[in-house]
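Fold and geometry: a report
One letter stands for each residue in the lines below.
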Amino acid sequence: MTDILIGRNDSISVNLDPHYGNRHGMIAGATGTGKSVSLMVLAEGFSRLGVPCFLADAKGDLAGLAMAAGEPGDKLKARLEKLKLTDWRAQANPVVFWDIYGKLGHPVRATVSEMGPTLLGRVLELNDTQEGVLEVVFKAADDQGWLLLDLADLRALLTYAAENAKALSTQYGLISTTSIAAIQRALLKLESDGADQFFGEPALELADLMRQDMSGRGIINVLAADQLILKPRLYSTFLLWLLSELFEQLPEVGDLDQPKMVFFFDEAHLLFDDASPALLQRVEQVVRLIRSKGVGVYFCSQNPDDVPGVILGQLGNRIQHALRAFTPRDQKAVKAAAETFVANPKLDVTEAITKLAVGEALASTLGNGGVPSPVEQVLVTTPCCRIGAITEAERVTIRQRSPVGAKYDTTVNRESAAEMLAKRAEDKAANAATVAADAPANGSAKEADGGWGGAVHDALFGTKRRQGMIETMGKQMVRTAGSQLGRQILRGVLGGIFGGKR
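Residues numbered from 1 in each chain as written. Predicted model: local features only at pLDDT ≥ 70, side-chain atom pairs only at ≥ 80, totals over all residues. Heavy atoms only, no water.

Attention now moves to the nonpolar core. A general feature of soluble globular proteins is that nonpolar side chains tend to end up buried together. Trp-98, Leu-120, Phe-198, Phe-238, Trp-241, Leu-242 and Phe-299 are the most contacted members of the largest nonpolar core, which has 87 residues in total. Broken down by element, the residue count for this core peaks at 10 residues, all from helix α8 (residues 232–249). Listed in part, the 36 residues of the second largest apolar core include Val-41, Val-222, Ile-319 and Ile-398. (Core = buried A, V, L, I, M, F, W, Y, C linked by side-chain atoms within 4.5 Å. Buried < 20%, exposed > 50% of the residue type's maximum accessible area, 1.4 Å probe, protein only. Helix = DSSP H or I, 4+ residues; strand = E, 2+ residues; numbered from the N terminus.)

Before going further, it helps to spend a moment on helix α14 (residues 392–400). Glu-394, Arg-395 and Ile-398 are the residues of α14 that are buried. The buried side chains of α14 occupy one side of the element, clustering within an arc of 100° when seen end-on. Those residues of α14 that are exposed and aimed more than 90 degrees away from the buried face are Glu-392, Ala-393 and Gln-400. Among the structural elements, β5 (95–99) are those in contact with the buried residues of α14. (Arc of directions from axis to C-beta. Contact = heavy atoms within 4.5 Å.)

This part covers the sheet that holds strand β12 (residues 376–380). Spatially, β2-β1-β12-β11-β10-β3-β9-β8-β4-β7-β5-β6 is the arrangement adopted by the 12 strands of the open sheet, whose pairing is mixed. The two strands at the open ends of the sheet, each matched to only one other strand, are β2 (13–16) and β6 (106–107). (Pairing = 2+ DSSP bridges.)

Another aspect to go through is the pattern of salt bridges. Side chains that carry opposite charge are capable of pairing whenever their charged atoms lie near each other. Under the criterion given, the structure shown has 15 salt bridges. The partner of Asp-266 in a salt bridge is Lys-59, with the nearest N and O atoms 3.5 Å apart. Here Asp-266, found in strand β8 (residues 261–266), pairs with Lys-59, found in the loop between β4 (53–57) and α2 (74–83); they are 207 residues apart in sequence, far enough to count as distant. Arg-155 serves as the salt-bridge partner of Glu-191, at 2.8 Å between the closest nitrogen and oxygen. Placement of the pair is Glu-191 in helix α7 (residues 177–192) and Arg-155 in helix α5 (residues 151–163), with a sequence separation of 36 residues. Of the residues examined, Arg-155 reaches a relative accessible area of 24% and is grouped as partly exposed. Connected via shared salt-bridge partners are Glu-205, Asp-208, Arg-211 and Lys-407. (Salt bridge = Lys/Arg side-chain N within 4 Å of Asp/Glu carboxyl O.)

Before going further, it helps to spend a moment on the packing of aromatic side chains. Enumeration over the complete set of coordinates arrives at 12 aromatic pairs. For the ring pair Phe-265 and Phe-299, a centre distance of 6.0 Å and an interplane angle of 55° mean the geometry is tilted. With Phe-265 in strand β8 and Phe-299 in strand β9 (residues 295–301), this residue pair connects regions lying 34 residues apart in the sequence. Exposure remark for Phe-265: the relative accessible area of 1% places this residue in the buried category. In textbook terms, an aromatic cluster arises when at least three aromatic residues are bridged by ring pairs, as seen for Phe-54, Phe-198, Phe-199, Phe-238, Trp-241, Phe-263, Phe-265 and Phe-299. Across from the ring centre of Phe-247, 5.0 Å away, lies the NZ or CZ of Lys-293, which sits over that ring. (Phe/Tyr/Trp six-rings, centres within 6.5 Å; stacked < 30°, edge-to-face > 60°. Lys NZ or Arg CZ within 6 Å of the ring centre and 35° of its normal.)

Bringing the pairing of β9 into the picture now. Here β9 lies mainly inside the structure; 7 of its 7 residues are buried. By the alternation rule, side chains of β9 split into Val-295, Val-297, Phe-299 and Ser-301 and Gly-296, Tyr-298 and Cys-300, which are all buried. Alignment of β8 against β9, held across 6 bridges, turns out to be parallel. Along β9, the bridge assignment pairs Met-261 with Val-295.

Moving on: α7. Helical geometry note: an α-helix holds 3.6 residues per turn, so side chains three or four residues apart project in the same direction. Over its 16 residues, α7 extends 22 Å from the first C-alpha to the last, a length consistent with the 22 Å expected when each residue adds 1.5 Å. Looking at the packing, one finds that the buried side of α7 touches α3 (112–123), α4 (128–144), α5 and α8. Immediately beyond the C-terminal end of α7, within one or two residues, lies Gly-194, with a positive phi of roughly 95°. (Expected span 1.5 Å × (residues − 1).)

Moving on to the confidence of the model for the protein. Of the residues in the protein, 86% have a pLDDT of 70 or more, and the chain-wide mean is 84. Below pLDDT 50 for its whole length, residues 480–502 participates in 24 contacts with residues either more than four positions away or in separate chains. (pLDDT = per-residue confidence, 0-100.)

With that settled, consider the pairing of β4. Across the 5 residues that make up β4, a large majority, 5, are buried. Burial along β4 is two-sided: Cys-53, Leu-55 and Asp-57 and Phe-54 and Ala-56, pointing in opposite directions, are all buried. Relative to β8, β4 runs parallel, the two being bridged by 4 bridges. Opposite Leu-55, over in β8, you have Phe-264 as the bridge partner.

One can describe the packing of α4 onto α7 by two numbers: an axis separation of 9 Å at closest approach and a directional angle of 90°. The orientation of α4 with respect to α7, classified from their angle, is roughly perpendicular. Contact residues: α4 offers Thr-129, Gln-130, Val-133 and Leu-134, while α7 offers Ser-179, Ile-180, Ala-182 and Ile-183. Within the contact of α4 with α7, the residues separate by chemical class into 5 nonpolar, 3 polar and no charged. (Axes fitted to C-alpha atoms, helices over the stretch in contact; angles between N-to-C directions. Parallel < 35°, antiparallel > 145°, perpendicular 65-115°, else oblique. Nonpolar A, V, L, I, M, F, W, Y, C, P; charged D, E, K, R; others polar.)

This next bit is on unusual backbone geometry. For the peptide bond that leads from Glu-201 to Pro-202, omega is 0°, which places it in the cis range. Here Pro-202 is to be found in the loop between α7 and β7 (220–224). Here the phi dihedral of His-24 falls at roughly 70°; this positive angle occurs in a residue that is not glycine. Among the structural elements, His-24 can be located in the loop between β2 and β3 (25–28).

Mapped onto the elements of the fold, Thr-33 is located in the loop between β3 and α1 (35–48). Thr-33 gets classed as buried once you look at its relative accessible area, which sits at 2%. Here the side chain of Thr-33 touches Ala-30 through a polar contact of 2.6 Å, landing on its backbone oxygen. Beyond its immediate stretch of four places on either side in the chain, Thr-33 contacts His-321, Ala-322, Arg-324, Val-358 and Gly-359. (Polar contact = N/O pair within 3.5 Å; in protein donor to acceptor, adjacent residues only side chain to side chain.)

Within the secondary structure layout, Val-297 lies in strand β9. The contact partners of Val-297, leaving out residues within four places of it in the chain, are His-24, Gly-25, Leu-243, Phe-263, Phe-265, Ile-290 and Leu-315.

Attention now goes to the environment of Ala-322. As for its placement among the helices and strands, Ala-322 is situated in the loop between β10 (317–320) and α12 (328–339). Judged by its relative accessible area of 0%, Ala-322 is buried. Separated by 38 residues in sequence, Ala-322 and Glu-360 place their C-alpha atoms 7.8 Å apart. Ignoring sequence-local partners within four residues, the contact set of Ala-322 consists of Gly-29, Ala-30, Thr-33, Ile-353 and Leu-356.

Quick look at the structure:
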């Protein structure tokens, strides 16, 4: 096992010890200062050690990990010489592309049941009462054997709960239609952010992210997030679900020689902007405890203060690129960033942060006993892959070679709650229509009775020229049920056209 070289200066090298790779980390710096290159260096280093990685590619430039760098030019040769990298060679990495929308990679999906009422309630920003109602709805679905796979299932179940609120309240505890309506509105907002693309089958199996190639290198899973970051709500939902699933499924392993998996979250501020206190608490809890599962989490953002302090304190491995102190907020960010490093008497950290060149960084990693090393100003090493985006043809070729494409590229639509409830409504309407049609014939013998009994019979069952109350109600139920079923079918068709439920 070898350390991962981050960078060098004239007197010292800064390396990341894989034994402390699960102690999390932070890559920060202004736009264009080299954060993506530092992220690539770490991802390549972990991959060479056989550690699978997952990263969200917000700008499309991290896809270059899948391609080998070109022939080194004079500029690159000079940099390699300065870094004393005599064994450097261009090399591609084993990469699998993913995309929630299924365009730039294999679709990533989860079922509503896997998300669960607690996490879904926090994502929807429900209060305690509304979250309790959501738990009742999930419990009712479990007892009835109704699968909750996609948002259509959850919508159908909420409608069922609203129509049967009294019966469900008697069995499970009080639920109100007001709370159900609030959940439906929150669900509509989440759906408008594209969440209908995320919920469904086949659901992502975490084992498919934790793979190695035939040579023993860890697979680097690249999630296309250039469109996803435009929907912060969906972006944070996905990342939080992924971390929660890892936390719940992986066993406790303590401190390993190297992590079992490493996550890199680019544009990390999107995970925390406008997040509710409950959501922040959940993220903090997962980040703090997932270390014992052998998983490392690395945030990448422009300013360290984009990450809440309670989480920033958990990030032991730090790479800080240049910050520009043009405004009072920038000056405050520079000072805060400088204060988070272990002081180096030979280096004025506050001044150095504002004068770092592109490709330079201040770096500090955890050493023996998990103690942070003094900060050093270094020239960041050069990755062996291509730095920059790849062509559409190259992406298609890599995707065709993927070992998991056959498993995830085809959508599966099993019979679930939406279909079961639609069939239930259809059967109920058909039975009502049958009763309405048979009722006049059964009462024909009474027509001869005349008088008050005959008048009541005519009002209920009608005459040859006028339909009765029962027939009228039966037809109305058929029309209502038919209209509801038609709307569900239409939603399914439109969802298929726009890439949702098919």
